[in-house]
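The residues making up each chain are set out below.
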Amino acid sequence: MKKLSRIAFQIIGGANVASVLLMFFIGHASWVDPTVWPKLSNMGLFFPIILAINFAFLVFWMLVKPRWVIIPLLGFIVCYGPVRKYFPINWPKDPPEGCIKVLSYNVWFYAGWEDRSKPNAILQYIKRQDADIVCLQESAENEVGSVQVDSILGKVYAYKDTAMHNGDYMTIFSKYPILSKEHIRYPSKGNMSCAFKLRMNHRDVIVINNHLETTGLTLDEKEQFQQMIKGELGGTAVTRTSKWLIRHLAEQTKKRAPEADAVARYIVYHRGTPMIVCGDFNDSPLSYAHSTIAEGLTDCYVATGNGPGISYHKSRMYVRIDNILCTSDFKPYACKVDNSIKNSDHYPIMCWLKP
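Values in this document were obtained by computation on a predicted structure and should not be read as measured data.

Peer 1: Just to check I follow, could you spell out the overall build of the protein for this structure?
Peer 2: Counting its secondary structure elements, the protein contains ten helices and twelve strands. Looking at the protein residue by residue over its 355 residues, the buried ones come to 51%. Contacts spanning at least 24 positions in sequence make up 70% of the contacts within the protein whose residues lie at least 6 apart. Counting every atom, the protein has about 17,300 Å² of accessible surface; 59% of that belongs to carbon and sulfur.

Peer 1: How do you make sense of the layout of surface pockets when you look at a structure like this?
Peer 2: Any empty space left between atoms is shown by rolling a water-sized probe over those atoms. Each pocket or cavity is described by its volume, and for the second largest pocket that value is around 260 Å³. Along its surface, the second largest pocket is lined by Pro48, Leu51, Ala52, Phe76, Tyr80, Val83, Arg84, Phe87, Pro88 and Ile89. Going through the elements one at a time, helix H2 (47–64) and helix H4 (80–86) are the ones with two or more residues in the lining of the second largest pocket. Counted by class, the lining of the second largest pocket contains nine nonpolar, no polar and one charged residues.

Peer 1: How should I be thinking about the sheet that holds strand S9 (residues 298–299) in this particular structure?
Peer 2: Sheet strands line up and pair through hydrogen bonds in the backbone, either parallel or antiparallel. Spatial ordering of the open sheet is given by S5-S6-S7-S8-S10-S9, a layout of six strands whose pairing is mixed. Each end of this open sheet is capped by a strand with a single partner; those strands are strand S5 (178–183) and S9. For S5 and strand S6 (residues 192–200), the ladder comprises five bridges, and the chain directions are antiparallel. In the strand pairing of S6, Ser180 is matched with Lys197.

Peer 1: So what exactly am I meant to see when it comes to the side chain of Asn210 here?
Peer 2: If you trace the backbone, Asn210 turns up in strand S7 (residues 203–211). Beyond its immediate chain neighbours, meaning those up to four positions away, Asn210 contacts Gln137, Met170, Met192, Ser193, Val263, Val277, Cys278, Gly279, Asp280 and Phe281.

Peer 1: Explain helix H5 (residues 121–129) to me, please; I cannot follow it from the model alone.
Peer 2: What sets the pattern is the α-helix's 3.6 residues per turn: residues three or four places apart point alike. Taken residue by residue, H5 has Ile122, Leu123, Tyr125, Ile126 and Gln129 as its buried positions. All buried residues of H5 project into a common sector of 160 degrees when viewed along the axis, lining one side. Where H5 starts, the residue carrying a side-chain oxygen 3.0 Å from the main-chain nitrogen of Ile122 turns out to be Asn120. One or two steps after H5, the chain reaches Asp130, where phi turns positive at roughly 50 degrees.

Peer 1: Whenever I open this one, the pattern of salt bridges confuses me. Can you help?
Peer 2: Inspection of every chain in the model, using the stated rule, returns six salt bridges. Linking Asp130 and Lys175 is a salt bridge whose minimum nitrogen-to-oxygen distance equals 2.6 Å. Within this pair, whereas Asp130 is found in the loop between H5 and strand S2 (133–137), its partner Lys175 is found in the loop between strand S4 (168–174) and S5, the two being separated by 45 residues in sequence. Overall, the relative accessible area of 39% leaves Asp130 in the partly exposed class.

Peer 1: Mind showing me how you'd approach the pairing of strand S12 (residues 349–354) here?
Peer 2: The side chains of a regular strand alternate between both faces of the sheet. Here five bridges tie strand S1 (residues 100–106) to S12, and the two strands are oriented antiparallel to one another. Paired with Lys101 across the two strands is Trp352, which belongs to S12. As judged from the five bridges shared by strand S11 (residues 331–337) and S12, these two strands associate in the antiparallel manner. From the neighbouring strand, Tyr333 faces S12, where its bridge partner is Trp352.

Peer 1: How do you make sense of the nonpolar core when you look at a structure like this?
Peer 2: A general tendency of soluble globular proteins is for nonpolar side chains to be buried together. With 48 residues, the main nonpolar core has Ile100, Ile133, Ile208, Ile276, Ile293 and Leu353 as its most contacted residues. No other element matches the six residues that S6 contributes to this core. Grouped together as the second largest cluster of nonpolar side chains are 18 residues, Ile126, Ala131, Val134 and Phe173 included.

Peer 1: Can you help me understand the pairing of strand S10 (residues 322–326) in this one?
Peer 2: With respect to burial, S10 is a largely interior element, five of its five residues being buried. Sheet analysis places strand S8 (residues 275–280) next to S10, joined by five bridges and oriented antiparallel. Within the sheet, the bridge partner assigned to Cys278 lies in S10 and is Ile324. One ladder, built from two bridges, connects S9 with S10; its direction is antiparallel. For Thr298, the partnering residue across the bridge sits in S10 and is Cys326.

Peer 1: Sorry if this is basic, but what is going on with the environment of Asp329 here?
Peer 2: Here Asp329 shows up in the loop between S10 and S11. For Asp329, a relative accessible area of 26% gives the class partly exposed. Separated by 26 residues in the primary sequence, Asp329 and Pro355 place their C-alpha atoms 6.0 Å from one another. Residue contacts for Asp329: discarding those within four places in its chain leaves Arg203, Thr273, Pro274, Lys354 and Pro355. At 3.5 Å, the side chain of Asp329 and the side chain of Arg203 are in polar contact.

Rules used in this analysis
- Residues numbered from 1 in each chain as written.
- Predicted model: local features only at pLDDT ≥ 70, side-chain atom pairs only at ≥ 80, totals over all residues.
- Heavy atoms only, no water.
- Helix = DSSP H or I, 4+ residues; strand = E, 2+ residues; numbered from the N terminus.
- Buried < 20%, exposed > 50% of the residue type's maximum accessible area, 1.4 Å probe, protein only.
- Contact = heavy atoms within 4.5 Å.
- Areas by Shrake-Rupley, 256 points an atom, 1.4 Å probe, with all protein chains shown as cover.
- 1 Å grid on protein atoms, 1.4 Å probe; cavity = no way out; pocket = protein on both sides within 12 Å on 5 of 7 lines; lining within 4 Å.
- Points joined across faces, edges and corners; volume = space filled by probe spheres on them.
- Nonpolar A, V, L, I, M, F, W, Y, C, P; charged D, E, K, R; others polar.
- Pairing = 2+ DSSP bridges.
- Arc of directions from axis to C-beta.
- Polar contact = N/O pair within 3.5 Å; in protein donor to acceptor, adjacent residues only side chain to side chain.
- Salt bridge = Lys/Arg side-chain N within 4 Å of Asp/Glu carboxyl O.
- Core = buried A, V, L, I, M, F, W, Y, C linked by side-chain atoms within 4.5 Å.

And the structure:
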């Protein structure tokens, strides 16, 4: 009986070691070039699952065989970087005097304004936040009318500029003068990145607003994914849907890689100028796109936020794809994803930066 018990523990221990190795490789999915290995580059999407499995092993060993708890603990130590990127834990600090507040929000064409006799909830939310710099994605005003946007936000922000590319709009509202804007060129049918130069306290600051390649899933396809997660599809349908989804996401990730490369090159070229980089990256914190753009920058959420910070919340696709990054010219405080407003398919992300 003791021999069987020992064998069982060895098998479970081996499975735990395998889970640690898998957590390491999945956690470093950003090392994989999506243009070469597009499917493998999406491994990071599975990180929360393997993270939960390793945590379950930790609890199991604590209850059953405490000395074996060393296996999952070593796993968390070895994977400290990916774990912290995905699920940071920080001691809360209140922003000091002199900070600027930055808000980034994919507003989904100012969604949730069915009753046009009432003010748009998203615009009202932005007004209440009273951020110094607001970067919006999917902000086409033809959905709500520029008159309404200006009437609500025009009293708060003296400066506004909009960039457009093949039907995709992004807007910046600022309490600081906007000196210029420059599109960061990369091949894309609709998505874009734009650098706005602001004059802030007698110094030029570049704010890069991004809306990288989307997943490209239609509403019907998202609904099918949701049914798969709920277990409402049959075995054959699950296999077919999962294979198609992996292939489709790989194709979109492959398109996103050169976009991230272009933004990263722009950041390197303008090194020495204070920069704030934000927007909808449409990829996880452990992705090639995020890692490439964030190289040499501070991820404000990782540095000061807490928990997974899920910013996309529709169709059971829960992941942090919205970001605020900055150069060392700024010290971030209290970055958070605000899930109090659910009109868009994204939650807004905000942060306080001390120049």
